[in-house]
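Coordinate inspection notes
This is what each chain is made of:
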Amino acid sequence: MGMIGATLIRAGQRFLSSLPALFGVLVFTFLLMRVLPGDPAVFFASGPNAGKEEIEVIRKQLGLDKPMPEQLAIYLYDVGRGNLGRSMMTGQPVEKDLKERLPASLELTLTALLIALISAVPLGVVAALRPNSLIDHGVRLFCSLGVCVPTFVSGLLLIYVFYYLLGLAPDPTGRVDIFTTPPPARTGFLLIDFLLAGDLDGWWAAVRQLMLPAFTMALFVIAPLARITRASMLVSLGSEFVRTARSVGLSRWRIVVTYALRNAILPVITIAGIVFSTMLGANVLVEKVFSWPGVASYALDALLVSDYAPVQGFVLLMASVFVVVNLLVDVLYGIADPRATVA
Amino acid sequence: MSLLISRRLFPAAAALLAVTLAAPAARAQSRAETLRYVTGASVNTLDPNIPGSTREAFALSMSSYDRLVSFGRKQLNGKWVFDLDTITGELAESYAVSSDGLKITFKLRPDAKFHDGTPVTAEDVKWSLDRCVTAPVLGKAQLLTGSLTSADQFKVIDPLTFEVTLPRPDKLALPNLATVYPIIINSKLAKAHATADDPWALNWTKENEAGSGAYIVETFKPGEQAIAKRNEAWNRGSPDKPASFKRLIIQSVPEPATRANLVERGDADLVIDLQASDVQALEGKGKLKVISTPQYNAVTFISMNNKIPPFDNVNVRRAIAYALPYDDMFKAALFSRGSPMFGATWTDGKPPSGAYPIPQPVKFDLDKARGYLKDAGLPEGFSTTFSFNVGQASSAEPMAALVKESLEKIGIKVDIQKLPDAQMSTAINEKKLPFFTEGIVAWLPSTDYFYRNFYTGNQRWNYSSTDNAELEKIAQAARFEPDKAKYEAAGKELNAIHFDQMLQIPLWQPAQDAVMAPNLDGYVYQFTRQVDYRNLSRK
């Protein structure tokens, strides 16, 4: 009990200490967007007849006619009330856009991370058990290939093979086949919503749609996870407690899994946390290739057209996700290694 | 424990990909009656008047809303294109222009109804057009070009008769009413959602549709898709029956290669924004129907700001015009898909036509270019930047490389700048770019319109920053010239000035490549450079 309490207190402290950082991100992004040379008003006033008057109308609508400190004050006040502004690009409030798109990104990233962990950890363990063997080299080759092929190449390749040539995959456009009726939105996670609605066909359609992008993303992150598992397993297998375990004649399975892996998993958790946050923000290429309506492609589109509000909202969201993921990693740490709570 | 599971799962996960993908997809039966259109852009508002509307939003509004009148179609080199000179009634059953050209009277269709079942009346028309010229919307600047500027010009005669008064006869007044913006809105519905801050209900129409058009919007997810169903009561199409497709899906697919795959596999029916190389390949395979129409209301330029040295010197501009490897650029940028605006021969050096744009009598000739550069007093050349926007990169990037390579041969050192779209528009608007490539488009392409909008004033679309009193005078006078021969003569004069001063260099009119399922019929190239979904049917 005391252990869990200590973990929670630690998590709470970490959360409080991250608040100033979030505020900093907020102000910094705000300023950065305004320093960038593109003027959203000019870009969006791009009908064939848009002249000076239209540009002024849009500038006023965006509040860009006011002095910058005033704009910042208004922005902070709005964010405080949970209003992230309106996107010119989609015409929707940013928080609505992000709320709709974040589950799409999370669902994809979590699935990809799960696939990556399920394949990377055993790969890393197998490689560590027989260092410098053929298996080890095989794993290394696979990982290198995965990480050096950019995701849009592997994505297009998977589409070409599984959709275009074999016709096995559904068309790579979005989260669910366009002719399937989406379930009533409860959580925003289609896999969960379909189950809640009791629509198994729909659930299956969503799973099929998810497979190609998830594998594309997983391929890219298997490498760091497998490498770190291997390295930390090597240390762990060479340590004295494993030698002791061997000498008392414990089964091989027990030695490897219960003693070696449990001790080796800490760095893997850390890396998985970092990989997850990075994937969520940086999977823009996968989202583009598979027309996945996620937050990253949304932010990129907004950035290209200097649509301030969505970019600011996205950066704030990502910063918050990083904070949450770090907290989660802290908690998992405590569970995996009770000694960590003391530190 | 968890590892035990993952160990067992590992081979399963490896097989998962193949297994999950092998199951047959559940297809709705109505596939044949559905038009699935995929695009790299997206619909961002249901009201095309909202500042920031995308072209896809324009296209959807053509189907969800009716206007008083619409353009007919004609054949141009064997392909159907919109016809500015044939204006047919849409919500108007008929219209009449008074003999002095100052009054246009519209008789509305008595059977026309909005999507909620209420009849369309002259009151709705008045409210909608008042809004178009009064509210802070895109329509204002457009209707201005047809002398429609004030609510006083619109009058309700009776519930089915509506009258427009003009300050002077303007041949663009009627065509303007057929453009995207003057949609006829269900005024009772819209007024119910108006607020004190927003008397014209712009915030509501942005996300809600209140029209009488051929399709009723069902789902609208900005950035993802819009789905509409057929309005069975609609009879404004040419044969007086509803649109052919029961359902319309407009889906955003950002990756061009994926769009090409979709249409080739038959999962999508129509796409108009593929990369030129993909179009070439698909056309070669011969499985799909490809209709390439030169965008005859658009031009791509190499523009020079006539006010920034050394481009303020006409001989420098001429030198550039003769130093461009046009054929290579055309091939590299567009796989020669379009109509070239170079390599013409003008007898006696006079423009053969008063139309705009017309092919220019320029060709790749480095010696001539060197001569002009010498006349300009810059025989050693100079350094400059050449800019294009990221959105155009697939065609502009190879072209920019060729421009750089070729100009280097006459001593002009070019630094290529690739700018994000918003940054490029800002720089153009602020007149900061000396040398760049951009395109223009006009919905109502007439010579005077092009010259008035793209060659006058200190505004964004005057890429060349042209400030030529004579040109301005001729173009303004031509606007209200009723005599066709005189208009043609004025057009020729304008074209002669353009070439003599080498204001900017027209390169080509890129083709609109519509790639579609072989059984799709009725595609017409529209002024919006988008698909009018109402035209299409399946054989």
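Please read these numbers as outputs of a predicted model, since none were measured by experiment.

The next point concerns the overall build of chain B. If you tally the helices and strands in chain B, you get 17 helices and 20 strands. Relative to the globule expectation of 24 Å for 539 residues, the C-alpha radius of gyration of chain B, 26 Å, shows essentially globular dimensions. Counting every position in chain B, which comprises 539 residues, the buried fraction comes to 49%. Across chain B, the fraction of contacts at a sequence separation of at least 24, relative to all contacts at a separation of at least 6, is 69%.

Secondary structure summary: chain A contains 14 helices and 0 strands in total. Along chain A, helices (α) and strands (β) appear in the sequence α-α-α-α-α-α-α-α-α-α-α-α-α-α when read from the amino end. C-alpha atoms of chain A, sized along the principal axes, occupy 85 × 55 × 40 Å. Burial status across chain A gives 47% buried among its 343 residues. In chain A, of all internal contacts separated by at least 6 residues, the share reaching a separation of at least 24 is 72%.

The next point concerns the nonpolar core. With 150 residues, the main nonpolar core has Leu 270, Ala 319 and Leu 324 of chain B as its most contacted residues. Once residues within four sequence positions are removed from consideration, Ala 319 of chain B is found in contact with Ala 369, Tyr 372, Leu 373, Ala 376 and Ile 410 of chain B. Ranked by size, the runner-up nonpolar core spans 90 residues in total, among them Ile 55, Leu 113, Val 256 and Leu 316 of chain A.

This part is about helix α13 (residues 295–304) of chain A. For the α-helix, the turn length of 3.6 residues means that residues three or four positions removed from each other point alike. All names here are of chain A. The buried fraction of α13 amounts to 7 of the 10 residues, a majority that puts the element mostly inside the structure. Restricting attention to buried positions, one finds in α13 the residues Val 295, Ala 296, Ser 297, Tyr 298, Ala 299, Asp 301 and Ala 302. Those residues of α13 that are buried lie in contact with α5 (94–129), α11 (252–282), α12 (284–289) and α14 (308–336). In the stretch just after α13, Ser 306 is the one whose phi turns positive, near 55°.

Our focus in this paragraph is the sheet that holds strand β7 (residues 161–165) of chain B. Residue and element names in this part refer to chain B. Here 4 strands make up an open sheet; going across it, the order is β4-β5-β7-β6 and the pairing antiparallel. Because the sheet does not close on itself, it has two edges, and the strands there are β4 (92–97) and β6 (154–158). Along the sheet, successive strands turn relative to each other by an average axial angle of 20°, direction set aside. The sheet contact formed by β6 and β7 spans 4 bridges and is antiparallel. Paired with Lys 155 across the two strands is Glu 163, which belongs to β7. Helix α3 (residues 122–134) contacts β5 (103–108), β6 and β7 of the sheet and is inclined by roughly 180° relative to β6.

Listed as interface residues are 55 residues of chain B and, on the opposing side, 62 residues of chain A. Elements with a minimum of two residues in the side of chain B that touches chain A: α1 (2–22), α4 (139–144), β10 (247–252), α8 (256–264) and α14 (421–429) of chain B. Broken down by element, the residue count for the side of chain B that touches chain A peaks at 10 residues, all from α1 of chain B. Within the side of chain B that touches chain A, the residues separate by chemical class into 28 nonpolar, 18 polar and 9 charged.

This part is about the packing of α5 of chain A against helix α6 (residues 134–148) of chain A. Residues and elements named next belong to chain A. Two elements in contact, α5 and α6, have axes whose closest approach is 8 Å; the angle formed by their N-to-C orientations is 145°. Pair α5 / α6 crosses with left-handed handedness. Note on element contacts: α6 touches α5 through Ile 135, Asp 136 and Val 139, opposite Leu 123, Val 126 and Ala 127. Here the residues of the contact of α5 with α6 sort into 5 nonpolar, no polar and 1 charged.

The subject of this paragraph is unusual backbone geometry. Note the cis peptide between Pro 309 of chain B and Pro 310 of chain B, where omega equals 0°. Position of Pro 310 of chain B relative to the elements: it lies in the loop between β13 (298–304) and α10 (314–322). At the junction of Tyr 356 of chain B and Pro 357 of chain B, the peptide bond is cis and its omega measures out at -10° in the coordinates. Relative to the helices and strands, Pro 357 of chain B resides in the loop between β14 (338–340) and α12 (366–375). The phi dihedral of Ser 291 of chain A is positive, around 45°, even though this residue is not glycine. Tracing the backbone through its elements, the reader meets Ser 291 of chain A in the loop between α12 and α13. Non-glycine residue Met 502 of chain B carries a positive phi angle of around 45°.

Here we come to the pairing of β4 of chain B. Residue and element names in this part refer to chain B. Bridging between β4 and β5 involves 5 bridges; their strand directions are antiparallel. Bridging from a neighbouring strand, Ala 96 pairs with Thr 105 of β5. Connecting β4 to the antiparallel partner β5 that follows it, the hairpin turn spans 5 residues, and Gly 101 within it adopts a positive phi of roughly 75°.

All names here are of chain A. Their axes nearest at 11 Å, the elements α5 and α11 cross at an angle of 145°. Like other packed secondary-structure pairs, α5 and α11 cross with a definite hand, here right-handed. Contact with α5, carried on its side by Ser 105, Thr 109, Ala 112, Leu 113, Leu 117, Val 121 and Val 125, involves Val 256, Leu 261, Val 268, Ala 272, Val 275, Phe 276, Met 279 and Leu 280 of α11 and no other residues of that element. In terms of residue class, the contact of α5 with α11 is built from 13 nonpolar, 2 polar and no charged.

What follows deals with the environment of Glu 56 of chain A. Residue and element names in this part refer to chain A. Here Glu 56 is to be found in helix α3 (residues 52–61). Judged by the 15 C-beta atoms lying within 10 Å of it, Glu 56 falls in the partly exposed class. Distance in space between the C-alpha atoms of Glu 56 and Ala 41 is 7.5 Å, their sequence separation being 15 residues.

What follows is about the confidence of the model for chain A. Confidence in the prediction of chain A, expressed as mean pLDDT, is 85, and 96% of residues score 70 or more. Here α3 of chain A stands out as the least confident element of chain A, with mean pLDDT 78; α5 of chain A is the most confident, with 91.

Residue and element names in this part refer to chain B. The two faces of β5 differ: Ile 104, Phe 106 and Leu 108 on one face are buried, but Lys 103, Thr 105 and Lys 107 on the other face are not. In the sheet, β5 pairs with β7 via 5 bridges, with the strands oriented antiparallel. Along β7, the bridge assignment pairs Lys 107 with Thr 161.

Before going further, it helps to examine the environment of Thr 466 of chain B. Residues and elements named next belong to chain B. As for its placement among the helices and strands, Thr 466 is situated in the loop between α15 (447–454) and α16 (469–479). Spatially, the C-alpha atoms of Thr 466 and Phe 454 are 8.6 Å apart, while their sequence positions differ by 12 residues. For Thr 466, the residues in contact, after removing those within four places along its chain, are Asn 306, Tyr 455, Thr 456, Leu 471 and Leu 503.

Put simply, chain B has an average pLDDT of 90, and 94% of its residues get 70 or more. Long-range and interchain partners of residues 1–29 of chain B, a stretch whose pLDDT sits below 50, account for 33 contacts in this model, where long-range means more than four residues apart.

Rules used throughout
Residues numbered from 1 in each chain as written. Chains lettered and ligands numbered in written order. Predicted model: local features only at pLDDT ≥ 70, side-chain atom pairs only at ≥ 80, totals over all residues. Helix = DSSP H or I, 4+ residues; strand = E, 2+ residues; numbered from the N terminus. Rg over C-alpha atoms; globule rule 2.2 N^0.38 Å. Buried ≥ 20, exposed ≤ 12 C-beta atoms within 10 Å, placed from the backbone. Contact = placed C-beta atoms within 7 Å. Core = buried A, V, L, I, M, F, W, Y, C linked by C-beta atoms within 7 Å. Pairing = 2+ DSSP bridges. Axes fitted to C-alpha atoms, helices over the stretch in contact; angles between N-to-C directions. Nonpolar A, V, L, I, M, F, W, Y, C, P; charged D, E, K, R; others polar. Left-handed = near helix turned anticlockwise from the far one by under 90°. pLDDT = per-residue confidence, 0-100.

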